[in-house]
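Each chain, letter by letter, is given below.
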Amino acid sequence: MAGVTRRRARRQRAFRWTIVTLLGIFFLLPLVAMLEFTTRGPNGTYTLETWKLLVDWGQLGETYPDLATGVANSFGQVLLTVALTLLLLVPTVVWVRLRLPRLRRVVEFLCLLPLTIPAIVLVVGLAPVYAWVTYFLGGSALTLTFAYTILVLPYAYRSIDAGLSAINVRTLAEASRSLGASWATVIWRVVLPNIRSAVLSAAFLTVALVLGEFTIASLLNRSNLQVAVNLLGKSSATMSVAVSLTALVLAFVLLMLLSLVGGGRRRTSLKETR
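Residues numbered from 1 in each chain as written. Predicted model: local features only at pLDDT ≥ 70, side-chain atom pairs only at ≥ 80, totals over all residues. Heavy atoms only, no water.

(A) How the structure looks around the overall build of the protein. Along its length, the protein carries 13 helices and zero strands. Counting from the amino terminus, the protein carries its helices and strands in the arrangement α-α-α-α-α-α-α-α-α-α-α-α-α. Taking 19 Å as the expected radius of gyration for a compact globule of 274 residues, we find that the protein reaches 23 Å, considerably beyond that expectation. Burial status across the protein gives 36% buried among its 274 residues. Counting only contacts in the protein whose residues sit at least 6 apart along the sequence, the fraction spanning at least 24 positions is 73%. When the accessible surface of the protein is split by element, carbon and sulfur atoms take 68% of a total near 16,800 Å². One finds the centroid of the 26 positive side-chain charges in the protein at a distance of 20 Å from the centroid of its 10 negative side-chain charges. (Helix = DSSP H or I, 4+ residues; strand = E, 2+ residues; numbered from the N terminus. Rg over C-alpha atoms; globule rule 2.2 N^0.38 Å. Buried < 20%, exposed > 50% of the residue type's maximum accessible area, 1.4 Å probe, protein only. Contact = heavy atoms within 4.5 Å. Areas by Shrake-Rupley, 256 points an atom, 1.4 Å probe, with all protein chains shown as cover. Lys, Arg positive; Asp, Glu negative; His and termini not counted. Charge placed at Lys NZ, Arg CZ, Asp CG, Glu CD.)

Quick look at the structure:
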């Protein structure tokens, strides 16, 4: 019986590693092809000139000013979107759990609603709103922060809600209030440290979504990284592919960090339980 169990376990491991290997090849081959394309030189040679230019910000700004502007706009949008999303969502979700539990389903429905609306339909609804945004705040690309905050609500809400479900928020809040802490102190110094990994997950997902967003920025005539890459592809395919590959690798690194943060959180919880 023990021999049968061991053979079955070996077959299962072999099957898992086969699937992982095939999926790895499937996903890595396009990335390798992109890297090979960006290093092609004249007469079948290979060169790193494209990558040297990409890391030289001053020269990149002079050679491809639209790309430099798009990169700068995207990083500004990332910072503002992360800040606005967490500032709006964390206190709201915590407050609903503690004081307004009957509204939890309503808040969840509203936060998940953008998942059911295609981006092109969302732009149709946002266009009149952004006419007023442009009138009051100007046509800066950073105003896309408001639209991106709506887009990331489903992912950020799920992450933060899962973090709150893993702890006893009500007990922590009642204990803090009984010791004289204000509600702001409860959220900032008691609840937030206990959902740190969930907040980081929401931030990482927000960064990945904002860096990869194209449709809304393009249709609202705003500049960001993906719009700049699309325009750059018409004049310099090599640099366009290099920037796309860099963005993909950055998103992959963020997702890996997200999994590591989640894994570290689970291991810590297990140790505390023991």
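Once the structure has been displayed, the description carries forward.
(B) Fine view of a nonpolar patch on the surface. There is a patch of nonpolar side chains on the surface, built from W95, L100, L103, V106, F109, L110 and L113 and spanning about 610 Å² of accessible area. Among the elements that take part in the nonpolar patch, helix α5 (residues 104–112) stands out by supplying three residues, more than any other. Within the fold, L103 resides in the loop between α4 (65–99) and α5. The class for L103 is partly exposed, based on a relative accessible area of 40%. (Patch = residues over 30% accessible without salt bridge, like charges linked within 9 Å, V, L, I, M, F, W, Y side chains within 5 Å. Salt bridge = Lys/Arg side-chain N within 4 Å of Asp/Glu carboxyl O.)

(C) Structural detail: the nonpolar core. In this structure, L89, I160, L164, I195 and I216 are the most contacted members of the largest nonpolar core, which totals 46 residues. Secondary-structure elements contributing two or more residues to this core are α4, α5, α6 (119–137), α7 (144–165), α8 (169–178), α9 (183–194), α10 (196–212) and α11 (215–219). Membership of the second largest hydrophobic core comes to 14 residues, among which are L60, V71, L232 and V243. (Core = buried A, V, L, I, M, F, W, Y, C linked by side-chain atoms within 4.5 Å.)

(D) Looking closely at empty space enclosed by the protein. Scanning the entire structure with this criterion turns up one cavity of 30 Å³ or more. In this structure, the largest cavity encloses a volume near 40 Å³. Together, V93, V96, R97, R104, V107, Y157 and D161 line the largest cavity. Within the residue set of the lining of the largest cavity, elements represented by two or more residues are α4, α5 and α7. Tallied by class, the residues present in the lining of the largest cavity amount to four nonpolar, no polar and three charged. (1 Å grid on protein atoms, 1.4 Å probe; cavity = no way out; pocket = protein on both sides within 12 Å on 5 of 7 lines; lining within 4 Å. Points joined across faces, edges and corners; volume = space filled by probe spheres on them. Nonpolar A, V, L, I, M, F, W, Y, C, P; charged D, E, K, R; others polar.)

(E) Spotlight on the packing of aromatic side chains. Across all of its chains, the model carries four aromatic pairs by this definition. Between W132 and F136, the aromatic rings sit 6.0 Å apart at their centres with planes inclined by 20°, giving stacked as the arrangement. Remark: F136 and W132 occur in helix α6; sequence separation between them is four residues, near one turn of the helix. Seen in terms of ring centroids, Y135 and F136 are 5.1 Å apart; in terms of plane orientation they differ by 85°. Their pairing is edge-to-face. (Phe/Tyr/Trp six-rings, centres within 6.5 Å; stacked < 30°, edge-to-face > 60°.)

(F) Looking closely at the pattern of salt bridges. Considering all chains together, one arrives at five salt bridges under this definition. Between R97 and D161 there is a salt bridge, and its shortest N-O distance comes to 3.1 Å. Taken as a pair, R97 in helix α4 and D161 in helix α7 lie far apart in primary sequence, 64 residues in all. In this structure, R97 and D161 share a single accessibility class: buried. Through salt bridges with shared partners, a single ionic network connects R97, R104 and D161.

(G) Here's a closer look at a positive patch on the surface. Positive charge collects at one region of the surface, where R6, R7, R8, R10, R11, R13 and R16 lie side by side. With respect to the helices and strands, R11 occurs in helix α1 (residues 2–38).

(H) Region of interest: the confidence of the model for the protein. Chain-level pLDDT for the protein is 83 on average; 93% of the residues reach the 70-or-more range. Averaged pLDDT values for the elements of the protein fall to 70 in helix α13 (residues 237–273) and rise to 90 in α7. The model gives residues 269–274 a pLDDT under 50, and that stretch makes zero contacts with residues more than four places away or in other chains. (pLDDT = per-residue confidence, 0-100.)

(I) Up close: the packing of α4 against helix α12 (residues 225–232). In the contact formed by α4 and α12, the axes pass within 7 Å of each other and the chain directions differ by 165°. Compared by their axis directions, α4 and α12 come out roughly antiparallel. Every pair of crossing elements has a handedness; the one defined by α4 and α12 is left-handed. Facing α4, whose interface residues are D66, L67, G70, V71 and S74, α12 presents L225, A228 and L232. (Axes fitted to C-alpha atoms, helices over the stretch in contact; angles between N-to-C directions. Parallel < 35°, antiparallel > 145°, perpendicular 65-115°, else oblique. Left-handed = near helix turned anticlockwise from the far one by under 90°.)

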